[in-house]
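For reference, the chains in residue letters:
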Amino acid sequence: MGTWNSRGLRGSVLEEMINMTNEHYREKGLALIQKIPTPITPVKIDQSTRHITLAYFEKQSTVDYIGAVQGIPVCFDAKECASTTFPMMNIHEHQIQFMEDFEKQGGISFILLFYSKRNETYYIPFSDIKRFYDRSIEGGRKSFTYEEIDKTFLMKSAPGALIHYLKGVQLDLERRA
């Protein structure tokens, strides 16, 4: 079991931007995407603020978001990277397995990766994630670099959508056809 503390808030700005985008997509009838809460058991609570300061994860989580885009099942995780190298250890084996199984059922899996120093968010298709993961477990590089990602998957904002990732889904689908 892992523990949770304030380190877990690092991606909260990214997640808030995704949540706002998801609400816009829902309002426009474009997609219905839900944030999947990670079940935790509180251990310490600051009584003055009533905030949880230490907790244990009850079980391994799968991905951050799941839902449907125009009838197509989608699941994805939101990750943040402060440098130009993203460690594969930040994507857990059970997440890779879930995304792979999800794809086998006809869904689309991906990661939205925010490079904080560049202020850029990329849609990383599962096929790329799997390639980087396989390389890492076969004794190769244990990370992937900014240079290795497909720059056509740079996600821009659009009216109402701070991270317009439906463009990434569309491009991903076109490449699969």
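Structural data are supplied above this passage.
Residues numbered from 1 in each chain as written. Predicted model: local features only at pLDDT ≥ 70, side-chain atom pairs only at ≥ 80, totals over all residues. Heavy atoms only, no water.

Comments concerning the pairing of strand β8 (residues 108–115)
For β8, the tally of buried residues reaches eight of eight residues, placing the bulk of the element in the interior. Because side chains alternate across β8, one face comprises the buried residues I108, F110, L112 and F114, and the other comprises S109, I111, L113 and Y115, equally buried. One ladder, built from six bridges, connects β8 with strand β9 (residues 120–125); its direction is antiparallel. The partner of L112 across the bridge, within β9, is Y123. Hairpin remark: β8 followed by β9, antiparallel, with four residues in the connecting loop; positive phi at N119, about 55 degrees. (Buried < 20%, exposed > 50% of the residue type's maximum accessible area, 1.4 Å probe, protein only. Helix = DSSP H or I, 4+ residues; strand = E, 2+ residues; numbered from the N terminus. Pairing = 2+ DSSP bridges.)

Observations concerning the packing of aromatic side chains
Aromatic ring pairs: the centre-centre distance and the angle between the two ring planes describe each pair. In this structure the tally under the stated criterion is 13 aromatic pairs. For the ring pair F76 and Y165, a centre distance of 4.9 Å and an interplane angle of 55 degrees mean the geometry is tilted. Taken together, the residues F76 in strand β6 (residues 72–81) and Y165 in the loop between β11 (154–155) and α4 (166–176) connect sequence positions 89 residues apart. Assessed through its relative accessible area of 0%, Y165 is described here as buried. Put simply, the rings of Y25, Y65, F76, F110, Y123, F153 and Y165 touch in pairs and so form one group of aromatic residues. Positioned over the ring face of Y65 is K35, at 5.5 Å from the centre of the ring. One cation-aromatic arrangement involves K151 over Y146; the distance from NZ or CZ to the ring centre is 4.4 Å. (Phe/Tyr/Trp six-rings, centres within 6.5 Å; stacked < 30°, edge-to-face > 60°. Lys NZ or Arg CZ within 6 Å of the ring centre and 35° of its normal.)

Overview of the packing of helix α2 (residues 93–104) against helix α3 (residues 126–137)
Two elements in contact, α2 and α3, have axes separated by 11 Å at closest approach and are oriented at 140 degrees. The angle between α2 and α3 falls in the class oblique. Crossing of α2 against α3: the hand is left-handed. Counting all contacts with α2, which are made through E93, I96, M99, E100 and E103, the residues of α3 involved are F126, I129, K130 and Y133. Split into classes, the residues belonging to the contact of α2 with α3 amount to five nonpolar, no polar and four charged. (Axes fitted to C-alpha atoms, helices over the stretch in contact; angles between N-to-C directions. Parallel < 35°, antiparallel > 145°, perpendicular 65-115°, else oblique. Left-handed = near helix turned anticlockwise from the far one by under 90°. Contact = heavy atoms within 4.5 Å. Nonpolar A, V, L, I, M, F, W, Y, C, P; charged D, E, K, R; others polar.)

Some words on unusual backbone geometry
Only a minority of non-glycine residues have a phi that is not negative, and only a minority of peptide bonds are not trans. Phi at Q70 takes a positive value of approximately 50 degrees, unusual for a residue other than glycine. Structurally, the position occupied by Q70 is in the loop between β5 (65–69) and β6. One non-glycine residue, N119, lies in positive phi territory at about 55 degrees. Here N119 falls in the exposed class, since its relative accessible area comes to 60%.

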